[in-house]
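Descriptive structure summary
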Amino acid sequence: MLKIVVLASGSGTNLQAMIDSIEKGEIWNTEIAMVISNNEKAYALDRARNCGIPAVCISPKDYPSREEFYKKLLFTIEEVSPELIVLAGFLVFIPEIMIKKYKNRIINIHPSLIPSFCGTGFYGLKVHEEALKRGVKVTGATVHFVDEGTDTGPIIMQKAVEVRQDDTANILQRRVMEEAEWKILPKVIDLYAKGKIKVKDKRAWIE
Ligand code: GAR
């Protein structure tokens, strides 16, 4: 059984999509062993607890230094020994030591078609505001492996979403979630659980 740890900072709708897909049997042989948030108020923690999934908050505010925070985060993850770590709206920079330890075993969902509207400072609603400002007609979501850069790791799956003339950032964010994020994240985890995702250098593909 694929054991995963989910890291989330916010409302956790992507976490919910994973929980629902596991329940419906759309993700094969997978267990969410723990949910970790840096934000004690994150609704993602409630979603986990409501389903009986162990959920903990590890906040940088509770540690004297960034190093101590990362140490606790890594230690907590290591205790679970997951095969896969899923960043589902996790707004904390992942340290190099963790990326090396879990090479090609950390995936992230990003709410745009990478390489558009990604990198430092592009997260959450901001991504959609920038897409609207630029006037793109198509946006979407990307699931990728996490490497040392920000949103630079091998792309696993993308799904395009139409931008409409009367969209606001909130409306577009919701459509990207519904039409892309909540579909491709569970799909990628299912494929990962089945051993179908291969990765070499900068490229990932599905066998
Ligand atoms: C999602 O839209 C996710 O793609 C985004 O944060 C949101 C979290 O929502 N992630 C990023 O912007 C990462 N750069 P959720 O808590 O409801 O899943």
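Higher on the page you've got the structure.
The rules we used
- Residues numbered from 1 in each chain as written.
- Predicted model: local features only at pLDDT ≥ 70, side-chain atom pairs only at ≥ 80, totals over all residues.
- Heavy atoms only, no water.
- Salt bridge = Lys/Arg side-chain N within 4 Å of Asp/Glu carboxyl O.
- Helix = DSSP H or I, 4+ residues; strand = E, 2+ residues; numbered from the N terminus.
- Buried < 20%, exposed > 50% of the residue type's maximum accessible area, 1.4 Å probe, protein only.
- 1 Å grid on protein atoms, 1.4 Å probe; cavity = no way out; pocket = protein on both sides within 12 Å on 5 of 7 lines; lining within 4 Å.
- Points joined across faces, edges and corners; volume = space filled by probe spheres on them.
- Nonpolar A, V, L, I, M, F, W, Y, C, P; charged D, E, K, R; others polar.
- Core = buried A, V, L, I, M, F, W, Y, C linked by side-chain atoms within 4.5 Å.
- Contact = heavy atoms within 4.5 Å.
- Phe/Tyr/Trp six-rings, centres within 6.5 Å; stacked < 30°, edge-to-face > 60°.
- Lys NZ or Arg CZ within 6 Å of the ring centre and 35° of its normal.
- Axes fitted to C-alpha atoms, helices over the stretch in contact; angles between N-to-C directions.
- Parallel < 35°, antiparallel > 145°, perpendicular 65-115°, else oblique.
- Left-handed = near helix turned anticlockwise from the far one by under 90°.

Here the focus is the pattern of salt bridges. Per the counting criterion, the structure on display carries eleven salt bridges. Residue Glu96 is joined to Lys100 by a salt bridge in which the shortest nitrogen-to-oxygen separation is 2.6 Å. You can see Glu96 and its partner Lys100 sitting in helix α4 (residues 96–101), four residues apart, about one turn around the helix. The exposure class assigned to Lys100 is exposed, which follows from its relative accessible area of 52%.

We now examine the layout of surface pockets. Its boundaries defined by the atoms lining it, the largest pocket holds a volume of some 780 Å³. Taken together, 37 residues line the largest pocket, and the ones lying closest to its centre are Gly89, Phe90, Leu91, Asn108 and Tyr123. Every element with two or more residues in the lining of the largest pocket is listed here: α1 (13–23), β5 (106–110), α5 (125–134) and α6 (169–193). Classifying every residue of the lining of the largest pocket by side-chain character gives 15 nonpolar, 18 polar and four charged. In this structure, the second largest pocket spans a volume of roughly 170 Å³. Lining the second largest pocket are Ile99, Lys100, Lys103, Asn104, Val146, Asp147, Glu148, Pro154, Val199, Asp201 and Lys202. Among the residues making up the lining of the second largest pocket, the classes are represented as four nonpolar, one polar and six charged.

Across soluble globular proteins, you tend to see nonpolar side chains buried next to one another. If you look at the biggest cluster of nonpolar residues, it comprises 39 residues, and the most contacted ones within it are Ile4, Val6, Met18, Ile32, Val86, Ile107 and Ile189. Top element by residues in this core is α6. It accounts for ten residues. Residues in contact with Val86, not counting those within four places in the same chain, are Ile4, Val5, Val6, Leu7, Met18, Ile107, Leu185 and Ile189. In this structure, Ala33, Ile77, Ile85 and Ile94 belong to the second largest nonpolar core, which totals 22 residues.

The next thing to look at is the packing of aromatic side chains. Inspection of every chain in the model, using the stated rule, returns two aromatic pairs. Residues Tyr63 and Phe69 carry aromatic rings whose centres are separated by 6.4 Å and whose planes lie at 50 degrees to one another, so their mutual orientation is tilted. Classification of Tyr63 by relative accessible area gives partly exposed; the value is 25%. Ring centres 5.3 Å apart and planes at 40 degrees place the aromatic pair Phe69 and Tyr70 in the tilted group. The class for Phe69 is buried, based on a relative accessible area of 0%. Overall, the relative accessible area of 14% leaves Tyr70 in the buried class. The rings of Tyr63, Phe69 and Tyr70 are connected pair by pair, giving a single aromatic cluster. Taking the ring centre of Tyr102 as reference, the NZ or CZ of Lys101 above it sits at 5.5 Å.

Where α5 meets α6, the axes come as close as 9 Å, and the angle between the chain directions of the two elements is 110 degrees. Classified by the angle their axes make, α5 and α6 are roughly perpendicular. The two elements α5 and α6 cross, and the hand of that crossing is right-handed. Contact residues: Leu125, His128, Glu129 and Leu132 in α5; Ala169, Asn170, Leu172, Gln173 and Val176 in α6. Residues of the contact of α5 with α6, tallied by class, amount to five nonpolar, three polar and one charged.

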